[in-house]
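Structural overview
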Amino acid sequence: MTNSAQRAAYWPVPIVRAIPAAGLALLITFSADHSARFGLLAFGGFGVLSGLAIAGMAWLRLRGSRVRSFMIAQGLITLVAGVLALCLNGGGVRVLFLLVTAFAAITGFLELYSGLRARHRFVASVDWLTVGGLTVVAAVVFLLIPPGYSQSYTGPDHVTRVLDAAVTVVGLLGVYGAISAVYLVIAGLSAKWGTQSARVVAPATSAESETRS
């Protein structure tokens, strides 16, 4: 598959993936409730929509990518995490920590593997490496937050508030969604407009030419 054909097949994938990520970021940003229950519901909705988007778009658009099955598996794992979050929305902060950390670690490493496997063969390899790396970093950050963390503080309005683990994790989920959404939109538009580097398929093309000669 040529570079232009890969871009034509791939560019809708990150655009569709960006929609649930942007929704997650906006929902958290404009909500005053950052409780564990809200976090599980927000993550659950994101997981279901994102999982369906990843698995569906991989099935429809990534047939020549060599990583189609891995992306479908990533989508299904995301979907399962989302369904569990919705079903266990009353489970508290420890369930929230468990689900978001497991999701980020498993899907992050899967996407990293997809990027490495498709390197120099498919235009999306850099995108998968970047988003996979971001997701793994998110997993590490979640692991570093103590589930029992709670800190009181007084704001500029002289009102005492509490910053606890649930508030921190939900806020970080919003940040993750925002960064992912922006990057995925840029990646999709770059692929559509042909601004991604043509070098990703050049090595394979050169090797084939040398073999024929």
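Overview of the structure.

Rules and cut-offs
- Starting afresh in each chain, residues are numbered from 1 along the sequence in its written order.
- Totals for whole chains, interfaces and linings use all residues, but because this is a predicted model, local features are given only for residues with pLDDT of at least 70 and pairs of side-chain atoms are given and counted only at 80 or more.
- Side-chain metrics rest on all non-hydrogen atoms present in the structure, leaving aside hydrogens and water.
- Residues enter a nonpolar core if they are buried and are Ala, Val, Leu, Ile, Met, Phe, Trp, Tyr or Cys, with the set joined through side-chain atoms within 4.5 Å.
- We call a residue buried when its accessible area falls under 20% of the maximum for its residue type, exposed when it is over 50%, and partly exposed in between, using a 1.4 Å probe and counting protein chains only.
- Helix and strand definitions here come from DSSP, where helices need a minimum of 4 consecutive H or I residues and strands a minimum of 2 consecutive E residues; each element is numbered from the N-terminal end.
- Two rings from Phe, Tyr or Trp (for Trp, the six-membered ring) form a pair when their centres sit within 6.5 Å of each other. Planes less than 30 degrees apart are called stacked, planes more than 60 degrees apart edge-to-face, and all others tilted.
- Counting as a charge over the ring demands two things of the Lys NZ or Arg CZ atom: a distance within 6 Å of the ring centre and an angle within 35 degrees of the ring normal.
- Under this rule, positive means Lys or Arg and negative means Asp or Glu; His and the chain ends count for nothing.
- By definition, a salt bridge exists where a carboxyl oxygen of Asp or Glu is found within 4 Å of a side-chain nitrogen of Lys or Arg.
- Polar contact is defined as a pair of N or O atoms within 3.5 Å, subject to the rule that within protein one atom must be able to donate a hydrogen and the other to accept it, and that residues adjacent in sequence are counted only when both atoms are side-chain atoms.
- Contacts were defined at the residue level, with two residues in contact if any of their heavy atoms lie within 4.5 Å.

**Brief notes about the nonpolar core**
General note: in soluble globular proteins, nonpolar side chains tend to be found buried as a group. Counting 29 residues, the largest nonpolar core has Phe 43, Phe 46, Leu 96, Val 100, Phe 103 and Val 169 as the members making the most contacts within it. Among the secondary structure elements, those contributing two or more residues to this core are helix 2 (12–29), helix 3 (36–61), helix 4 (68–87), helix 5 (93–117), helix 6 (125–144) and helix 7 (165–192).

**Notes on the packing of aromatic side chains**
Under the counting rule described, the total for this entry stands at seven aromatic pairs. With 6.2 Å between their ring centres and 85 degrees between their planes, Tyr 10 and Phe 122 make a pair best called edge-to-face. Linking Tyr 10 in helix 1 (residues 3–10) with Phe 122 in the loop between helix 5 and helix 6, this pair joins segments that are 112 residues apart in sequence. An identical accessibility class is assigned to Tyr 10 and Phe 122; each is buried. Between Phe 43 and Phe 103, the ring centres sit 5.2 Å apart and the planes meet at 65 degrees, which makes this aromatic pair edge-to-face. Here the residue Phe 43 occupies a position in helix 3, and Phe 103 occupies one in helix 5, the gap between them amounting to 60 residues. Considered together, Phe 43 and Phe 103 belong to a single accessibility category, that of buried residues. Above the plane of the ring of Trp 59 lies Arg 68, whose end atom (NZ or CZ) is 4.1 Å from the centre. When the ring centre of Trp 11 is taken as origin, the NZ or CZ atom of Lys 192, which lies over that ring, is 4.4 Å away.

**A short note on the side chain of Arg 7**
Considering the arrangement of structural elements, one finds Arg 7 in helix 1. Comment: no salt bridge for buried Arg 7; closest opposite-charge side chain is Asp 127, at 11 Å. A polar contact of 3.5 Å, which involves the side chain of Arg 7, links it to the backbone oxygen of Ala 191.

**Digging into the environment of Leu 110**
Along the chain, the position of Leu 110 falls in helix 5. The class for Leu 110 is buried, based on a relative accessible area of 17%. Leu 110 sits 22 residues away from Gly 132 along the chain, and the two C-alpha atoms are 7.3 Å apart. Each residue touching Leu 110, except ones within four places of it in the same chain, is listed here: Phe 70, Ala 73, Gln 74 and Ile 77.

**Some thoughts on unusual backbone geometry**
Positioned with a positive phi, His 120 is a non-glycine residue whose angle comes to about 65 degrees. With respect to the helices and strands, the residue His 120 is situated in the loop between helix 5 and helix 6. Using a relative accessible area of 40% as the deciding quantity, one classes His 120 as partly exposed.

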